[in-house]
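Architecture and fold: a report
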Amino acid sequence: MKAGANLYVGGGIILLIFLLAVFAPLIAPYDPVTSANLMYAEEPPGAQFWLGTDEQGRDIFSRIAYGARISLFIGLAVQVMNTAIGVSLGLSAGYIGGWWDEIVQGLTNLMLSIPTIVFALALMAILGPGLPSLLIALGMTDWAYSCRISRAQVLTQKSLNYVQSARTMGFGPLHVMFRELLPNISGPLIVVATMGVGSAIMAEASLSFLGLGVVPPNPSWGGMLSSAREQLMVAPWVAVFPGLALFAAVLGFNLLGDGLRDLLDPHGKGRK
Amino acid sequence: MTKAVLDVRNLAISLSDGAVRVPAVEGVDFTINRGEVFGLVGESGCGKSLCALALAGLLKAPMAVSGGQILLEGRDLAPLPPREMRRLRGDKVSMIFQEPMTALNPLMTVGDQIGEMFVLHRGLTPRAARLKAIEALEQVQVSSPERRINAYPHQLSGGMRQRVMIAIALACDPALLIADEPTTALDVTIQAEIVELVLELCRAKGTAVMMISHDLGLVARVCNRVAVMYAGQIVEQRSAEEIFTAPAHPYTRGLINALPRLGRRLERGQERLTEIGGVVPAIRDFPQGCRFAPRCTRATAECRAAPVAMTDLNEGGRVRCLHHV
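Residues numbered from 1 in each chain as written. Chains lettered and ligands numbered in written order. Predicted model: local features only at pLDDT ≥ 70, side-chain atom pairs only at ≥ 80, totals over all residues.

**Concerning the domain arrangement of chain B**
Often the size quoted for an interface is simply the accessible area lost on bringing the parts together. Residues and elements named next belong to chain B. Here is the rule: Domain segmentation is taken from an automatic or database assignment of domains. In this description, any two residues whose backbone-derived C-beta atoms lie within 7 Å of each other are considered to be in contact. Gly falls in the polar group here, along with every residue not listed as nonpolar (Ala, Val, Leu, Ile, Met, Phe, Trp, Tyr, Cys, Pro) or charged (Asp, Glu, Lys, Arg).
Taken as a whole, chain B is organised into domain 1 (4-230) and domain 2 (246-261 + 279-325). A C-alpha centroid distance of 29 Å is found between domain 1 and domain 2. Tallying the contact residues gives eight residues for domain 1 and 11 residues for domain 2. Across the side of domain 1 that touches domain 2, the residue classes tally to six nonpolar, one polar and one charged.

**A closer look at the UniProt feature "domain: ABC transmembrane type-1" (unreviewed entry) in chain A**
Worth spelling out the cut-off: UniProt positions are given in the numbering used here, feature names are shortened, and annotations may be inferred rather than shown by experiment. The helix count covers DSSP runs of H or I at least four residues long, the strand count covers runs of E at least two residues long, and both are numbered beginning at the N terminus.
Here the UniProt-annotated "domain: ABC transmembrane type-1" (unreviewed entry) positions come out as residues 68-257 of chain A. The span residues 68-257 of chain A is 81% helical and 0% strand by assignment, and the distance between its end C-alpha atoms comes to 20 Å.

**Describing helix α5 (residues 116-127) of chain A**
Residues and elements named next belong to chain A. To keep it simple, the criterion reads: Expected helix span is computed as 1.5 Å times (number of residues minus one). Each residue is classed by its C-beta neighbour count within 10 Å, where at least 20 other C-beta atoms makes it buried, 12 or fewer makes it exposed, and intermediate counts make it partly exposed; the C-beta atoms are placed from backbone geometry. Each direction from the helix axis to a C-beta atom contributes to the arc, which is the arc of those directions.
Its 12 residues give α5 an end-to-end C-alpha distance of 16 Å, which sits within 8% of 16 Å, the value for a rise of 1.5 Å per residue. Of the positions making up α5, those classed as buried are T116, A120 and M124. What you see down the axis of α5 is that its buried residues fit within an arc of 65 degrees, all on one side. Residues of α5 that are exposed and point more than 90 degrees away from the buried face comprise V118, A125 and I126. Against α6 (131-139) and α9 (173-209) lie the buried residues of α5. Among the residues trailing α5, G128 stands out with phi positive, at a value near 85 degrees.

**Concerning the sheet that holds strand β9 (residues 225-230) of chain B**
Residue and element names in this part refer to chain B. For clarity, the cut-off: At least two bridges found by DSSP between two strands are what make those strands a pair. Axis definition: a line fitted to C-alpha atoms, over the contacting stretch in the case of helices. Angles run 0 to 180 degrees between N-to-C directions.
One open sheet holds the eight strands; their spatial order is β6-β7-β8-β3-β9-β10-β12-β11, and the pairing between them is mixed. Here the strands that pair on one side only, and so sit at the sheet edges, are β6 (93-96) and β11 (311-312). Sheet topology note: the strand β3 (residues 37-41)/strand β8 (residues 208-213) ladder contains five bridges and is parallel. Among the inter-strand pairings, V41 is bridged to a residue of β8, identified as S213. Relative to the sheet, helix α6 (residues 158-170) contacts β6 and β7 (176-180), its axis offset from that of β6 by approximately 175 degrees.

**Observations concerning the packing of helix α10 (residues 221-228) of chain A against helix α11 (residues 237-264) of chain A**
Residue and element names in this part refer to chain A. This is how the line gets drawn: If an angle is under 35 degrees, it is roughly parallel; if it is over 145, roughly antiparallel; if it lies from 65 to 115, roughly perpendicular; otherwise it is oblique. Handedness of each helix crossing follows the sense of rotation of the near helix against the far helix: counterclockwise by less than a right angle gives left-handed, clockwise gives right-handed.
Look at α10 against α11: their axes get within 8 Å of each other, and the N-to-C directions meet at 155 degrees. The pairing of α10 with α11 is recorded here as roughly antiparallel in orientation. The chirality of how α10 crosses α11 is left-handed. In this structure, α10 uses W221, M224, L225 and A228 to contact α11, whose residues at the interface are V238, A239, P242, G243, A245 and L246. Broken down by class, the residue content of the contact of α10 with α11 amounts to nine nonpolar, one polar and no charged.

**Comments concerning the nonpolar core**
Which entries qualify depends on this criterion: Here, a nonpolar core means buried Ala, Val, Leu, Ile, Met, Phe, Trp, Tyr and Cys residues linked by C-beta atoms lying within 7 Å of one another.
Judged by nonpolar contacts, the single largest core of 162 residues is most densely connected at I114, A167, L176, I178, V209 and M210 of chain B. Looking at which element gives the most residues to this core, the answer is α9 of chain A, with 15 residues. Mapped onto the domain boundaries, this core takes at least three residues apiece from domain 1 (4-230) and domain 2 (246-261 + 279-325) of chain B. Once residues lying within four places of it in the same chain are set aside, the contact partners of I114 of chain B are A133, A136, L137, V164, A167, I168 and A171 of chain B.

**Quick word on the UniProt feature "domain: ABC transporter" (unreviewed entry) in chain B**
Feature annotation in UniProt places "domain: ABC transporter" (unreviewed entry) on residues 6-256 of chain B, given in this structure's numbering. Summarising residues 6-256 of chain B: 39% helix, 28% strand, and an end-to-end C-alpha distance of 28 Å.

**So, the sheet that holds strand β4 (residues 63-72) of chain B**
Reading across from one edge, β2-β1-β4-β5 (chain B) is the order of the four strands in this open sheet, with antiparallel pairing throughout. The strands lining the two open edges of the sheet, one partner per strand, are β2 (20-33) and β5 (75-76) of chain B.

Here you go:
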């Protein structure tokens with residue numbers, strides 16, 4: 001594939017989904033919740049309902065458009081939280097070292113040994129369904145990778161002279177970590193964070209699919225898939241289109257992440 | 001005493017590995033006066049850079065100061081809390097490094113990096129700091145400083161970067177500048193320029209310079225006094241002239257004899273460069289007596305029996321040898 005193609009295709013997909021989410025009220029032909037009408041239940045895709053209707057007669061396209069808002073919001077918010085936690089821990093562990101490093105490493109290994117979704121499920125079971133608990137459950141459980149990567153990057157950077165020189169000139173640890181080191185390690189972190197948005201969207205869909213995420217009747221892609229599984233044989237479109245939306249979003253973020261890596265990593269194949 | 005900018009007394013640095021403590025630097029004594037250029041010479045791994053780091057309070061575990069005193073302008077640095085120590089660094093004690101290529105943050109403009117010093121140590125606003133940064137660049141003879149200030153380190157040559165480093169190090173008019181092999185990574189033609197620049201600026205500001213180097217020629221040219229280190233100890237400390245014309249310690253003599261001299265070969269015919277036989281002992285098995293004894297041609301049983309103390313020389317200076325010249 002041509003260098004940069006990933007970036008543009010991924011970015012394009014994300015941009016489309018983003019526009020869909022932002023302009024949902026203008027684009028969606030029907031209200032995602034109140035348009036329920038059993039007269040039109042399980043209509044196949046057509047001129048009136050572009051992507052068909054679900055078992056309650058709600059327009060699937062409208063629900064996907066509104067669902068994009070939730071998916072994107074949760075995906076981004078969760079990833080911001082994860083990255084903030086992971087980077088703070090990894091940066092300080094790598095820079096300070098010693099007992100703090102041991103503790104953070106232990107914690108990271110612990111997080112990595114438990115599948116994120118299981119951890120999030122347990123938290124959701126305690127907190128109960130709903131948006132705030134969803135944010136907490138997902139936003140605090142998937143920081144292990146950004147933590148590891150920032151720690152490893154700091155270890156390679158901190159012996160470089162500019163870090164030593166900043167210390168020699170009297171700058172404190174916070175300045176060195178966030179002003180000197182963070183900008184210099186941000187390349188790989190941006191890549192990890194971008195790809196993480198895709199998995200956060202997937203995790204949200206999984207939790208909603210299991211009935212622990214976004215509370216119905218609010219539209220969410222995972223929730224739509226969940227209620228569609230009973231009509232899979234008679235009305236496959238009810239499941240296929242939210243599934244496709246999910247697929248596109250995750251693919252988009254992964255491609256964007258790949259593209260960014262080629263762009264940001266001077267040693268990568270992207271610069272050949 | 002008021003004249004001394006830096007007074008190091010019996011400094012010891014050791015490497016602790018669990019319960020084992022290995023002395024890396026021992027019994028280092030020297031003073032540097034205001035405006036003086038002091039040279040610290042020795043081969044790689046003899047403890048020069050450890051001394052420099054100790055002076056800046058930057059030794060990292062497993063290395064630590066294990067004895068002695070460091071007095072900066074009469075103030076003992078050992079009991080200072082880290083916050084105080086940080087305020088001194090960059091303000092009173094500054095350092096320039098040997099690698100100008102990596103000593104600057106690649107993602108900040110040089111103006112910001114110089115300006116930061118004024119923001120941190122002088123409490124200036126970023127805008128005022130920027131003006132001071134232009135001034136500082138002008139002082140280190142960078143042409144069109146108001147344009148260069150927006151440059152990133154990769155846009156500058158090695159010599160230019162070292163100038164920026166010097167501007168940063170001297171921004172707050174420190175009392176002491178530690179130059180850790182400042183010219184090793186530079187072209188020979190630029191080396192002289194950079195050293196001249198540092199010395200000129202320091203002379204103007206009254207800054208004392210501690211020049212760490214293994215370049216004897218450089219040290220001979222620019223320093224007032226020189227200390228030679230071997231295996232973690234100072235073995236000879238004298239005025240620069242004397243140490244090169246009449247070295248007292250066998251190690252110093254070995255070093256000076258080992259210097260290749262232009263034209264000598266023609267004069268003396270085909271002759272090998274002189275060398276000092278043997279290698280520096282590893283830090284864990286320093287000899288009990290004189291550390292140079294295993295490589296010394298004058299060594300006797302007395303030398304090997306017990307540690308040798310520094311003795312005063314008649315003509316001034318001190319040497320750590322029982323059989324000095």
